[in-house]
Amino acid sequence: MSVAVRAAVALAVTTGRLRLPHIDYLSILPVMVMVGGGVVILVWSSLLRRPLDVAWVSSLTVLTATAALVLSLFQWDSVLTSGAHTHIDGAVVMDGASVLIGVLVSSAVLLTAMVGDSFLKREGVEGPELHVLLLVSGAGAMIMGSANDLIVIFLGLEILSIALYVLAAFDARRAKSGEAGLKYFVLGGFSSAIFVYGIALVYGATGTTNLPEIAAYLARNVLLHDGLLLAGLGLLLVGFGFKVALVPFHLWTPDVYEGSPTPVTGFMAAVAKAGGFIAFLRVFASSFHLLAPDWRPPIWVLACVTLLLGAVVALWQQDVKRMLAYSSINHAGFVLLGLQAATSRGVSAALYYLFVYSVMVIGTFAVVTVVGGRGDRRHGLEAYRGLAARQPLLAGALTVLLLAQAGVPFTTGFVAKLEVIRAAASAGSTDLAVVAMGSAAIAAFFYLRVVLLCYQPARPVEGTSAPEAPQALGGPTLALADLGAEPSSSLPGSVALAAPVPEGLGAGQAGTLAAVAVAEAEAPTVAAGGAEDETDPLPAGAVTTIVLSVLFTVLFGIWVEPVASFAAHATLLVRP
Amino acid sequence: MSVPGSWYLALSAVLFAMGALGVLVRRNVLIMFMCVELMLNAANLAFVTFARMLDDIGGEVLVFFVLVVAAAEVVVGLGIVVAIYRRRRSVVADDLRAMRG
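Residues numbered from 1 in each chain as written. Chains lettered and ligands numbered in written order. Predicted model: local features only at pLDDT ≥ 70, side-chain atom pairs only at ≥ 80, totals over all residues. Heavy atoms only, no water.

Going by an unreviewed UniProt entry, chain B carries the name NADH-quinone oxidoreductase subunit K and comes from Aciditerrimonas ferrireducens. Per UniProt, the comment on chain B under Catalytic activity (unreviewed entry) is "a quinone + NADH + 5 H(+)(in) = a quinol + NAD(+) + 4 H(+)(out)". On record in UniProt, under Subunit (unreviewed entry), the comment for chain B is "NDH-1 is composed of 14 different subunits. Subunits NuoA, H, J, K, L, M, N constitute the membrane sector of the complex." (UniProt positions renumbered as here; feature names shortened; annotations may be inferred.)

So, in C-alpha cells, the structure goes:
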C-alpha cells in the first residue's frame, strides 16, 4: 500500500490529478451488496409514514444475503479458474479463504435474519434496525476475511464490532441488554486500541502494513533487533485474543452473550469469531509465518488454557446462554489448534471448523430463542426440563445440535474436531491434541446435561407421588435408560400406558425397566406441567433456521466430502 | 533544534500505557471512553513518528483511518451510554451489576 499511496500522492502533486487504482468489482461485490441492501432497507423504511413491516424487512435481508451468497460462489469459480489475486492496489485479496468467509457470513446473515424475524414479531418490536445492523456487521466480517492489509483488517474489525455493539444493546426493555452492549463496547474499544498500536509497531518495524509485503520483508531481512516487531506481534495477538475470546481475554464473553438478544448472540458467536479468526490466521499463519518459532509457544499456552477453562467453567453454569458462551470459548480453543499447527492443513482444518461451527451455533441459539419465550428471559436450565414432552421436535433439534457441538460421530462437529486434532498432531503438537481430546470429553458432560434435562419429566407440580420423584430423577443412568427406551415423540402416548405399567412391574423386574416405569409414572405430571405452560406455536422463521442447520449438520456430517474439499481448497494467498 | 524520533515514540508509549491503565482502573464509563481515545491517539502518534522516520507517507494516511473509526466508535458508545443513563441515572461501571463478572 505504502508504495502505491506514495506514487499516487506524488502524481497528484505533479499533475494535479489523483491516480485511482484499478478496481475489480467482483472482489468486493458481496460486501457492496450487503451494505447496499442494508442502505436500501433503511432508506425505504424512513420514507414510509408507518414502520416498515418486519416480514418485508426480513425477506429483503434474506434476499440480500442470498445475493451475496451467490456472488461468493462466482468468486469461488474465479478463484478456481484463475487462482488467488490481490485487488485495489493490494488492499483486498480474493483467495479460497476469503470466499469461504463470504459464504459463511452470508449464510449466517441469512439464518439469523429468519430467527430475528421470529424474535421481533414475538417481542412486538417494529423497524428495520436489527436486520440492517446484521447486514452491516456481516459486511465488516467479509472485509476482515478478504483484507490483505493490516489497516483494512482494522476497518473490517470496526465495521463488524460497532454494529455488534449496537446489536448487543438492541433490546431496550431488558436492562441486561444495555449492560451487555456497554461492556462489549468498552472492552471491544480497548482491544481495538491495543490492536491499532500493534499495527503501528509492526509498521515501524517493517515499513509496511501490507500482509504479503510484510512476509516478503521478513524473508529478505534477518532482524537483529526484533523487539519492536515482536512487541507489535504480541499486541496484535492480544487484540485478536479479545475478539475471538481466548482465555485470559475472555472476561466479557459470558456477560455479553447472556445480555444480548438471543438471535444476536448466535450471530455474534458465529460471525465475530469467524471474522476474527480468519484475520488471525491470515496475519499469523501466512504473513508472520517465518516468526512461527516465536509465536507458536504462546499460542500453545493460550490454546491449552482456553480449551480447559472453557470446558470446566461451563460445567457449573445455570444459564444456558452463559453455558454456551463458555462452550464458544472452548470451541475457540479448538480453532486455535489449527492455527498453532501453522501449516496449510491446520489453516484449512480451522476454516472447516469455523464454517460448520457457525451453522451449528446459529441453530442452537435459534432453539434457545424459541425456548426463551416472550421477553427473552427463560434461559435457566430449568426451562429445558421436560422440553421433549412439550415440544418434541424442538428438543430433537437441540439434541442433534448440542451433540454435534460435543463432537459426536456422524455430525459435522465430529469431523471438525477430528481434523483440527489431526492437524495439530501432524505438526508435532501431540500434547496439545491430547489436551483437546480431554477438553472435548469434559465438554460432552455439559452438553449432555442439557440434552438429558430435555428428556426428563417436568417437576411434579403438587402432591404427586413424592417418594418416587427422587428415584425417577435420581441420576443420569436412569435418565439415560429413559432416553433409550422412550423416544421423545411418543411421550404423549405413554401417558395412556403409564397407569397400568407400574402395577405390572411392581413385583420388581429388571432395574432398567423399573426405571422406565417409574419415569413413565411421572408422565401424567409432564402432561399437566406442559398444559400449564402456554405453548406458543413454533415461529416459522426460527424453525426454518433450526431445520436448515440440523440438516446441514447431519447431512454433511455423514457426507463429509463437499464441505471438507471446500475447506481444503480454501487456502490463503501466501501459503504457510 | 530537532527532537529525536525516539522521544516521540516514548511519549506515545507513555500515553498508551496511561490510557490502558485508565481503562482498567477508572470506574466511570465516560472516563474509560476517554482513555480508549487516548490509546488510539497514542497509536496515531506512533504512526506519524514512524512515517517520519521511514520517510514513508503511508503511515500518515493510516492516521486518517484511525481517526474516522475512533469518531464512529465514540458516536455509538455515547449512544449506548445515554440509553443506559436514561434507565439508571448512573454511568459508573460498578453500578452495572445485573450480571455476574
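Once the structure has been displayed, the description carries forward.
Draft legend 1. Representation of the overall build of chain A within the structure. Summing up its helical and strand segments, chain A has 26 helices and two strands in all. Evaluated residue by residue, chain A yields a buried proportion of 61% over its 576 residues. Considering only residue pairs separated by 6 or more positions, chain A has 81% of its internal contacts joining residues 24 or more positions apart. Here chain A has roughly 20,600 Å² of accessible surface; of this, 69% comes from carbon and sulfur atoms. (Helix = DSSP H or I, 4+ residues; strand = E, 2+ residues; numbered from the N terminus. Buried < 20%, exposed > 50% of the residue type's maximum accessible area, 1.4 Å probe, protein only. Contact = heavy atoms within 4.5 Å. Areas by Shrake-Rupley, 256 points an atom, 1.4 Å probe, with all protein chains shown as cover.)

Draft legend 2. Focus on the confidence of the model for chain A. With 83% of its residues at a pLDDT of at least 70, chain A reaches an overall mean of 82. Counting interchain partners and residues more than four positions distant, the pLDDT-below-50 stretch residues 462-534 of chain A has 57 contacts. (pLDDT = per-residue confidence, 0-100.)

Draft legend 3. The arrangement of the nonpolar core in detail. One finds A:Ile153, A:Phe280, A:Phe284, A:Phe288, A:Trp295, A:Tyr384 and B:Phe47 to be the most contacted residues of the largest nonpolar core, which totals 218 residues. Beyond its immediate chain neighbours, meaning those up to four positions away, A:Tyr384 contacts A:Val320, A:Val368, A:Val371, A:Leu398, A:Val450, A:Leu453 and A:Cys454. (Core = buried A, V, L, I, M, F, W, Y, C linked by side-chain atoms within 4.5 Å.)

Draft legend 4. Structural view of the pattern of salt bridges. All names here are of chain A. Counting across every chain of the model gives 12 salt bridges over all chains. Residue lysine 183 pairs with aspartate 255 through a salt bridge whose shortest N-O separation is 2.8 Å. One end of the pair, lysine 183, is in helix α7 (residues 175-206); the other, aspartate 255, is in helix α10 (residues 252-259), with 72 residues separating them in the sequence. Residue classification places aspartate 255 among the buried positions, given a relative accessible area of 2%. One salt bridge in this structure joins arginine 322 and aspartate 255, with 3.0 Å as the shortest N-O distance. In this pair, arginine 322 sits in helix α13 (residues 320-341) while aspartate 255 sits in helix α10, placing the two residues 67 residues apart along the sequence. An identical accessibility class is assigned to arginine 322 and aspartate 255; each is buried. (Salt bridge = Lys/Arg side-chain N within 4 Å of Asp/Glu carboxyl O.)

Draft legend 5. Fine view of the confidence of the model for chain B. Confidence in the prediction for chain B averages 86 pLDDT; 88% of positions are at 70 or higher. With a pTM of 0.84, the predicted complex shows an ipTM of 0.93.

Draft legend 6. Region of interest: the UniProt feature "transmembrane region" (unreviewed entry) in chain B. Taking the numbering used here, the UniProt-annotated feature "transmembrane region" (unreviewed entry) corresponds to residues 6-25, 30-50 and 62-85 of chain B. Between the C-alpha atoms that bound residues 30-50 of chain B the distance is 30 Å, and the span itself is 100% helix and 0% strand.

Draft legend 7. Representation of the packing of helix α4 (residues 96-123) of chain A against helix α25 (residues 540-558) of chain A within the structure. Residue and element names in this part refer to chain A. Two elements in contact, α4 and α25, have axes separated by 6 Å at closest approach and are oriented at 150 degrees. Judged by the inter-axis angle, α4 sits roughly antiparallel to α25. The chirality of how α4 crosses α25 is left-handed. Where α4 approaches α25, its residues Leu111, Met114, Val115 and Ser118 are matched on the opposing element by Ala540, Gly541, Ala542, Thr544, Thr545 and Leu548. Of the residues belonging to the contact of α4 with α25, the class tally is six nonpolar, four polar and no charged. (Axes fitted to C-alpha atoms, helices over the stretch in contact; angles between N-to-C directions. Parallel < 35°, antiparallel > 145°, perpendicular 65-115°, else oblique. Left-handed = near helix turned anticlockwise from the far one by under 90°. Nonpolar A, V, L, I, M, F, W, Y, C, P; charged D, E, K, R; others polar.)

Draft legend 8. Just the environment of A:Tyr353, in detail. Residues and elements named next belong to chain A. Topologically, tyrosine 353 is positioned in helix α14 (residues 344-372). Note: C-alpha distance between tyrosine 353 and glycine 413 (60 residues apart in sequence) is 7.6 Å. Leaving out residues up to four positions away in the same chain, tyrosine 353 has contacts with His331, Phe334, Val335, Ala416, Lys417 and Val420. Within the structure, the side chain of tyrosine 353 is placed 3.3 Å from the side chain of lysine 417, a separation counted as a polar contact. (Polar contact = N/O pair within 3.5 Å; in protein donor to acceptor, adjacent residues only side chain to side chain.)

Draft legend 9. Quick peek at a nonpolar patch on the surface. Judged by side-chain polarity, A:Val35, A:Val39, A:Val43 and A:Leu47 come together as a nonpolar surface patch covering roughly 350 Å² of accessible area. Classification of A:Val43 as partly exposed rests on a relative accessible area of 43%. (Patch = residues over 30% accessible without salt bridge, like charges linked within 9 Å, V, L, I, M, F, W, Y side chains within 5 Å.)

Draft legend 10. Geometry of helix α26 (residues 561-569) of chain A. All names here are of chain A. Listed as buried for α26 are Val563, Phe566 and Ala567. Down the axis of α26, the sector holding all buried residues measures 95 degrees, keeping them to one side. Buried residues belonging to α26 abut α3 (54-82), α4, α14 and α25. (Arc of directions from axis to C-beta.)

Draft legend 11. Local environment of the packing of aromatic side chains. Residue and element names in this part refer to chain A. Applying the stated criterion across every chain yields a total of 22 aromatic pairs over all chains. Ring centres of phenylalanine 284 and tryptophan 295 lie 5.6 Å apart, and the angle between their planes is 85 degrees; this geometry places the pair in the edge-to-face category. Of this pair, phenylalanine 284 sits in helix α11 (residues 262-287) while tryptophan 295 sits in helix α12 (residues 292-314), and the two are 11 residues apart along the sequence. Among the aromatic residues, those joined into a ring-pair cluster are Trp76, Phe355, Phe552, Phe556, Trp559 and Phe566. Sitting over the face of the ring of phenylalanine 334, lysine 417 holds its NZ or CZ atom 4.6 Å from the ring centroid. (Phe/Tyr/Trp six-rings, centres within 6.5 Å; stacked < 30°, edge-to-face > 60°. Lys NZ or Arg CZ within 6 Å of the ring centre and 35° of its normal.)

Draft legend 12. A look at the interface of chain A and chain B. Taken together, the 46 residues of chain A in the interface contact 45 residues of chain B. Between chain A and chain B lies a buried interface of about 3,800 Å² when both sides are counted; carbon and sulfur atoms form 78% of it. Applying the counting criterion to the chain A and chain B interface returns zero salt bridges. Counting every contact that joins chain A to chain B gives four residue pairs in polar contact (both at pLDDT 80 or more). (Buried area = accessible area lost by both parts, 1.4 Å probe.)

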